[in-house]
Amino acid sequence: MTLLTVSQLNVQFGSDRVVQDVSLSIAPGEVLALAGESGSGKSITAAAILGLLPQQAKASGDILFHHQPLLNQPDARLNRLRGHALAMVAQNSLSTLDPSWRVGQQLQHNLRRLDPRLSRRERRAGAIHWLERMHIRQPEQVMARYPHELSGGMRQRILIALAAMCQPELLIADEPTTALDASVQREVLHLLRELCQQQQMAMLLISHDFGVVASLSDRVAVMRHGRIVETGNTAEVIAAPQHPYTQALLAAVPHPNRQPPPAAASSTLLRATGLGRDYWQREFSGWWPRNVRFSAVEAVDLQLHAGEIVGIIGESGSGKSTLARLLAQLVPASRGELQFAGDSLAAFRRQLQCVFQDSLASFNPRLTLREQLIRPQLRLAVVRDRESALARAQQLFSEVGLEPALLDRYPHQLSGGQRQRANIARALVVNPRCLLLDEPTSALDLSVQAQVIALLQRLHQQHQLTYLFISHNLALVAQFCQRILVMEAGRVVDDFTRDALYDAGRHPVTQRLLAASTLLSDSRDKPQPVAFAKQQRQA
């Protein structure tokens, strides 16, 4: 028996066909993963199933749900299915939830929509029941909060609760674990699997993360340029991919490097001693609100040797990004001491540069890339005139694999991978000794991530750079970095070289992150993947 059947689906915007001859089927209770990179047509396919394509899109083919057509149907008919038999969990929970309504109001509103006969007390009890099913602690307190006051993982569970209370027969989950740390990702995946088993719910899982695909799906369909290039049982496709594109994607999945790192240099480039940062937050317990001190980073001791690649990993809220801001002196420390090779602060500004996760927000949208690479050189006196600054900008663009002609573009005119390469070039333009990389690849596809990591490795060798690499991806950190620091509650709780990742004496937090990381359980026996160097199109 088939719940959903998609036959020869085509979607085009003007003359551009973004989905071409897509055919797939989902049985009741089955989890089908739609895997591929950004722009492959995954989300457009899901929007076509739900009848949410933009007005300018033209769709043809057949989409049958319980043998009833869905494609090009009136909204009145689709609305009887959407939010009932069909439901969706979107990727960005912060933009999906209503920022002006408390969580409890949104849950109770959905319950009232599903059953108008429920009393106010029943709706409140039902909302608390669904929060408890999502394994959310202190549900009464969560009910009173706004979405922005919750963590990313908790917001994602709220979205799943809103979808699951509809008791759908088919749930479409569009990148439900993107940007979540390993532990929260594992909880969300376990929750989705539990709902599928309890409610006999089918799921269309959209993801570019093969770890998520392997953990949750029964079958997988791989999309590229709007076409399905390979489909089959998930375990079989991952073990023996047939299509070259699937092979390339799986080769780009990071696996820990278990080789001992080279000996660290004797000279210390960056030293932090007892570094800490406090914030004040208002607590509404008792009759009157009061300010309570919260330590985001507490007594961190850190040494970074010249030429070393050090990774920092931890769960969300562990203090990784705050520590990065302290080391870059973007925020003042509440206590402790920071030394950078004995140089002054002015020299420090030039010697340590940052590459952040959001490459679009890191650039000034009103200036061309040419200006944004020339001005730092002049301000920090790296060169004397604009001609020399432009020549160095063009040289660095060539080094990071970009055409110098792209310097005349604005940041939004580049793809995500191109912007991150430009971001790295801008950091290198003042000739720093150390790069602080805060989640530089978390928003990128697997192949683009592999390209950026290969680029960073090459630049590390060419320029004798020192890297401090912050990520929530343990496999990527263990592949790229020579030494790994693990943080929890603002403290460094573990410090080890990459070859000691699987040692029995690792801290419980490290062991928990290792257990939660998808596709890491097999990594002891797997050979290192071939470097993903050849691309048919530039990221």
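Just so it is clear, the structure is predicted and the values come from calculations on it, not from any experiment.

As for the overall build of the protein
Thinking step 1. The helix and strand inventory of the protein stands at 20 helices and 19 strands.
Thinking step 2. Computed over its C-alpha atoms, the radius of gyration of the protein comes to 25 Å, within 12% of the 24 Å expected for a compact globule of 539 residues.
Thinking step 3. Referenced to the eigenvectors of the C-alpha coordinate spread, the extents of the protein come out at roughly 70 × 65 × 50 Å.
Thinking step 4. Sorting the 539 residues of the protein into buried and exposed places 52% on the buried side.
Thinking step 5. By sequence separation, contacts in the protein at least 24 residues apart represent 69% of the contacts at least 6 residues apart.

Points about the packing of aromatic side chains
Thinking step 1. On inspection of all chains with the given rule, the structure shows two aromatic pairs.
Thinking step 2. The structure contains a cluster of three or more aromatic residues connected by ring pairs, namely Tyr 467, Phe 469 and Phe 480.
Thinking step 3. In this structure, Arg 277 is placed above the aromatic ring of Tyr 279, and the distance from its NZ or CZ to the ring centre is 4.5 Å.
Thinking step 4. Sitting over the ring of Phe 363, Arg 426 keeps its end group 4.3 Å from the ring centre.

Some points on the state of the cysteines
Thinking step 1. Per the stated rule, a full pass over the model turns up zero disulfides.
Thinking step 2. Lacking any disulfide linkage, Cys 434 is separated from the closest cysteine sulfur, that of Cys 354, by 8.7 Å.
Thinking step 3. You can call Cys 434 buried: its relative accessible area is 1%.

Structural notes on the nonpolar core
Thinking step 1. Core analysis: the largest hydrophobic core is formed by 53 residues, its most contacted members being Leu 107, Ile 158 and Met 203.
Thinking step 2. Discounting residues that sit within four places of it in the chain, Leu 107 has contacts with Ala 127, Leu 131, Met 143, Ala 161, Leu 162 and Met 165.
Thinking step 3. Grouped together as the second largest cluster of nonpolar side chains are 52 residues, Phe 363, Leu 369, Ile 374 and Leu 396 included.

Section: the sheet that holds strand β3 (residues 31-35)
Thinking step 1. Taking strand neighbours across the sheet as the criterion, the six strands line up as β6-β7-β8-β3-β9-β10 in an open arrangement whose pairing is mixed. Across the chains shown, the open sheet's two edge strands, defined by having one partner strand only, are β6 (86-89) and β10 (227-233). The average angle at which neighbouring strand axes cross in this sheet is 15 degrees, direction not considered.
Thinking step 2. As paired elements, β6 and strand β7 (residues 170-174) share four bridges and run parallel to each other. Each residue of the ladder has a partner; that of Leu 86, found in β7, is Leu 170.
Thinking step 3. Those strands touched by helix α1 (residues 42-50) are β3, β6, β7, β8 (202-207) and β9 (219-224), and its axis lies near 150 degrees from that of β8.
Thinking step 4. Each of β9 and β10 is contacted by helix α11 (residues 244-251), which is oriented at about 100 degrees to β9, the strand it contacts most.

Rules used throughout
- Residues numbered from 1 in each chain as written.
- Predicted model: local features only at pLDDT ≥ 70, side-chain atom pairs only at ≥ 80, totals over all residues.
- Heavy atoms only, no water.
- Helix = DSSP H or I, 4+ residues; strand = E, 2+ residues; numbered from the N terminus.
- Rg over C-alpha atoms; globule rule 2.2 N^0.38 Å.
- Buried < 20%, exposed > 50% of the residue type's maximum accessible area, 1.4 Å probe, protein only.
- Contact = heavy atoms within 4.5 Å.
- Phe/Tyr/Trp six-rings, centres within 6.5 Å; stacked < 30°, edge-to-face > 60°.
- Lys NZ or Arg CZ within 6 Å of the ring centre and 35° of its normal.
- Disulfide = S-S within 2.5 Å.
- Core = buried A, V, L, I, M, F, W, Y, C linked by side-chain atoms within 4.5 Å.
- Pairing = 2+ DSSP bridges.
- Axes fitted to C-alpha atoms, helices over the stretch in contact; angles between N-to-C directions.

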